[in-house]
Amino acid sequence: MLIIGEKLNSSIPGVKQIIKDKDKAAVQNLTLKQVVGGADYLDLNTAECEEIKDMEWLINTVQEVTDIPLCIDSISAPVVEKALSCIKGDKSKVMINSISLVKDCLYGLLPFVLKYRCPVIGLTMDENGVPKTVEERIEIAGRLINILDKEGYDLKKLYIDPLVLPLAVDDASAVIFLKCSTEIKRLFNVKTVAGLSNISYKMPKRKILNRHFLTMCMAFGVDAAILDPTDPKIMTSVVTNELLLGKDRSGNNFLKAYQNNNLAD
Ligand code: THG
């Protein structure tokens, strides 16, 4: 599973504060902890701050200590444009999070997706928000995929996100997400991604819910997750599930994690 580190997100109160304070050491500490934890990408979100200026500062600060690929979590074209202009190295590795059928977002961000041919997350929502039913979300995914395909975009780089709503909002949320992901993969043969920690919003013992939902997502073939890679138990769950699902040949990664004392029970 592709791991996108969630921690550099201004919707987390403590993180909003360290971005506001321009606390370089704290940002770089969160950066390196996620890299060491096993992130493949780092999600960057400054929507709760001065979004453009702070995105530039955040990217520069992160890039001082790592060259891990970045996932730009913004629906605003000027923010994504600024981010792409200050990211060093191969811009075709930058993940854009996210486009959708919301017109401003789609037409604002599509030019950058097509120019740099970068991986992109596509949300199953439109002007009316996130539909309640599985069928409507699948229909939106189909329309989005069609648009990208017609523009000559390589659909192997697309991650459809059927949207994880909190269980506190809808007790069928996890089931709806898993049904959408399964059907979207079957019908359109594209990858899917989960914003995992959304599931536990406003619930106690969030890490338990996140971890068990991760196992379900992996069993249902979800390809990528935005999660907390600094949580040793969730990262243990990732390697363990990969072994169980036959995706870790000879158990090499599981044994390596064991030898490095990285398995938390
Ligand atoms: N889809 C896409 N992008 C997204 C989301 C999505 N970006 C934002 C969000 N949803 C995913 N990122 C987060 C980041 C942090 C938290 C939830 C979602 C969060 N963190 C708490 C914290 O760090 O304090 C608690 C986490 C915990 O206890 O494990 O709530 O759905 N495409």
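Rules used throughout
Residues numbered from 1 in each chain as written. Predicted model: local features only at pLDDT ≥ 70, side-chain atom pairs only at ≥ 80, totals over all residues. Heavy atoms only, no water. Axes fitted to C-alpha atoms, helices over the stretch in contact; angles between N-to-C directions. Helix = DSSP H or I, 4+ residues; strand = E, 2+ residues; numbered from the N terminus. Parallel < 35°, antiparallel > 145°, perpendicular 65-115°, else oblique. Left-handed = near helix turned anticlockwise from the far one by under 90°. Contact = heavy atoms within 4.5 Å. Expected span 1.5 Å × (residues − 1). Buried < 20%, exposed > 50% of the residue type's maximum accessible area, 1.4 Å probe, protein only. Polar contact = N/O pair within 3.5 Å; in protein donor to acceptor, adjacent residues only side chain to side chain. Near = heavy atom within 4 Å. Nonpolar A, V, L, I, M, F, W, Y, C, P; charged D, E, K, R; others polar. Core = buried A, V, L, I, M, F, W, Y, C linked by side-chain atoms within 4.5 Å.

Asker: Requested: an account of the packing of helix H8 (residues 206-219) against helix H9 (residues 232-244), with residues and values cited.
Answerer: H9 packs onto H8 with a crossing angle of 20° between their chain directions and a minimal axis gap of 10 Å. Taken together, H8 and H9 sit at an angle that is classed as roughly parallel. Seen from above, H8 lies across H9 with right-handed handedness. Of the residues in H9, those touching H8 at Asn 210, Arg 211, Leu 214, Thr 215 and Met 218 are Lys 233, Ile 234, Ser 237, Val 238, Asn 241 and Glu 242.

Asker: Talk me through helix H7 (residues 173-188); I want residue IDs and the actual numbers.
Answerer: Given a rise of 1.5 Å per residue, 16 residues ought to cover 22 Å, and the 22 Å separating the end C-alpha atoms of H7 matches this to within 8%. Close packing links the buried residues of H7 with helix H6 (134-150), strand S6 (158-161), strand S7 (191-195) and H8.

Asker: Please give an account of the environment of Asp 170 that cites residues and values.
Answerer: Assignment of secondary structure puts Asp 170 in the loop between S6 and H7. The exposure class assigned to Asp 170 is buried, which follows from its relative accessible area of 17%. As for Asp 170 and Ile 199, which are separated by 29 residues in sequence, their C-alpha atoms are 9.7 Å apart. Residues in contact with Asp 170, not counting those within four places in the same chain, are Lys 132 and Ile 176. A polar contact is formed between the side chain of Asp 170 and the backbone nitrogen of Ala 172, at a distance of 2.9 Å.

Asker: Can you explain the site of the ligand? Please cite residues and give values.
Answerer: Surveying the vicinity of the ligand reveals 16 residues, the closest of which are Lys 7, Asp 73, Asn 97, Asp 161 and Asn 198. Separating a nitrogen atom of the ligand from a side-chain N or O atom of Asp 161 is a distance of 2.6 Å. Between the ligand and Asn 198, the relevant distance is 2.6 Å, taken from an oxygen atom to a side-chain nitrogen or oxygen of the residue. Contributing elements (two or more residues each) for the shell around the ligand: strand S1 (2-9), strand S5 (120-123) and H8. Of the residues in the shell around the ligand, the class split is 4 nonpolar, 6 polar and 6 charged.

Asker: Account for the nonpolar core, with residues named and values stated.
Answerer: Residues Leu 44, Ile 59, Leu 70, Ile 72 and Ile 96 are the most contacted members of the largest nonpolar core, which totals 51 residues. Not counting the four nearest positions on each side in its chain, Ile 96 is found in contact with Ile 72, Val 80, Leu 84, Leu 109, Phe 112, Val 113, Cys 118, Pro 119, Val 120 and Ile 121. Ranked by size, the runner-up nonpolar core spans 18 residues in total, among them Ala 174, Ala 194, Phe 213 and Met 218.

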